[in-house]
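Listed below, chain by chain, are the residues.
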Amino acid sequence: MSRSWSWRQRYVPLRPRSLWRRLGDYALAVLVLGLLIILAARLDRIETRKTEGAAVVNDGDTITLGTERIRMRGIDAPEYSQICRRDGADYACGKLARQSLVRLISGKPVSCTGWQRDRYGRLLGDCKAGGKDLNRAQVEAGWAVAYGDFETDEAAARSGKAGIWAGTFDEPHNWRESHGHEVVERKHGSLASIGDALREIFRFW
C-alpha cells in the first residue's frame, strides 16, 4: 500500500514595517547617497597635479614654484638651520643641502608632479630640472636621506661617504623633534599613501 503526501506551502503574510523602521531606512539611504556625493566631489583632490616654472629653493628638499610650495617626495634633507659634525668640527649641513639643490637646478625651469599633500598643504612632488630627477640626485649627492624611497641611492652615497655621510648627523626627522619642530611628513609607504588619500578626500579645509 502506497501513500502519497501532498505538501502545501503555508502562506505567512509579511508584517508591515513600522514607521520608525521605514524612517530609519530612508535616513540610511540619504546618508549613503550623501557620502557618495561627497566622495565624487572630493576625487579631484587626489588627481595628479603638475606645476612648473622658475624655482625658489627654500631648503634641501623644499622649493616654491609660483604660488605652489613643494616638499620633495621620498627624501628628507637636513633642516636649513641644522648642524652636523665632520672631522671633529660642526658645520652647517642644512645650508649645504640647500646649496646642493641650487646647484642641481642651476637656474633651469623645474617641473614637479604629485597628488599628496603634507599637513601644511604643501604638494609632495617628484621634481625634475633639465631632465634630471632632483629627488634622487639629492640622495645620490648625500645631502638628503631616503624617506620611503631611493634606498639604493642612499646606500651608495653612504658607502661613498658623500655629503652628510662623510661625518655624523641626526636624522632630519629626529633633529626636528629634538628641536621642537613638528614632523613635516610621515615616512612613505603603502599604508601612509592610503591614509593620505583618505585624508585628501575628506579634508574640507
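Owing to the predicted nature of the structure, the values given are computational and were not obtained by experimental measurement.

Trainee: Just to check I follow, could you spell out the overall build of the chain for this structure?
Mentor: Scanning the chain for helices and strands turns up 6 helices and 11 strands. Split into buried and exposed, the 205 residues of the chain put 37% on the buried side. For the chain, the proportion of contacts with a sequence separation of at least 24, taken over those separated by at least 6, is 59%. Put simply, the chain shows about 13,100 Å² of open surface, and 56% of that area lies on carbon and sulfur atoms.

Trainee: Could you clarify how one ought to interpret the pairing of strand E4 (residues 68-72) in this entry?
Mentor: For E4, a buried count of 4 out of 5 residues is recorded, marking the element as mostly surrounded by other parts of the structure. Relative to E4, strand E3 (residues 62-65) runs antiparallel, the two being bridged by 4 bridges. Within the sheet, the bridge partner assigned to Ile63 lies in E4 and is Ile70. Where E3 folds back on E4, the antiparallel hairpin that results is connected by 2 residues, among which Gly66 adopts a positive phi of roughly 65°. By the bridge criterion, 3 bridges tie E4 to strand E9 (residues 123-129) in an arrangement that is parallel. Of the residues in E9, the one forming a bridge with Ile70 is Leu123.

Trainee: Hey, could you run me through the side chain of Asp76 in this one?
Mentor: Along the chain, Asp76 falls in strand E5 (residues 75-76). Within polar-contact distance, the side chain of Asp76 engages the backbone nitrogen of His173 at 3.5 Å. Beyond its immediate chain neighbours, meaning those up to four positions away, Asp76 contacts Asp61, Arg71, Ala144, Val145, Tyr147, Pro172, His173 and Arg176.

Trainee: Just to check I follow, could you spell out a nonpolar patch on the surface for this structure?
Mentor: Taken together, Leu19, Trp20, Leu23 and Tyr26 make up a surface patch of nonpolar side chains, about 530 Å² in accessible area. Here Leu19 is to be found in helix H1 (residues 19-42). The exposed category is assigned to Leu19, whose relative accessible area is 51%.

Trainee: Explain the nonpolar core here, please?
Mentor: Within soluble globular proteins, side chains that are nonpolar tend to cluster in buried spots. Among the nonpolar cores identified, the biggest contains 31 residues, and Ile63, Val110, Cys127, Leu134 and Ile164 are the most heavily contacted of them. Secondary structure elements with two or more residues in this core: E3, E4, helix H2 (93-105), strand E8 (110-114), E9, helix H3 (134-140) and strand E11 (145-146). In terms of residues, this core owes the most to one element, H2, which gives 5 residues. Beyond its immediate stretch of four places on either side in the chain, Ile164 contacts Pro78, Cys84, Tyr91, Cys93, Gly142, Trp143, Val145 and Phe169.

Calculation rules
Residues numbered from 1 in each chain as written. Predicted model: local features only at pLDDT ≥ 70, side-chain atom pairs only at ≥ 80, totals over all residues. Heavy atoms only, no water. Helix = DSSP H or I, 4+ residues; strand = E, 2+ residues; numbered from the N terminus. Buried < 20%, exposed > 50% of the residue type's maximum accessible area, 1.4 Å probe, protein only. Contact = heavy atoms within 4.5 Å. Areas by Shrake-Rupley, 256 points an atom, 1.4 Å probe, with all protein chains shown as cover. Pairing = 2+ DSSP bridges. Polar contact = N/O pair within 3.5 Å; in protein donor to acceptor, adjacent residues only side chain to side chain. Patch = residues over 30% accessible without salt bridge, like charges linked within 9 Å, V, L, I, M, F, W, Y side chains within 5 Å. Salt bridge = Lys/Arg side-chain N within 4 Å of Asp/Glu carboxyl O. Core = buried A, V, L, I, M, F, W, Y, C linked by side-chain atoms within 4.5 Å.

These results come straight from atomic positions and should not be treated as a statement about function.
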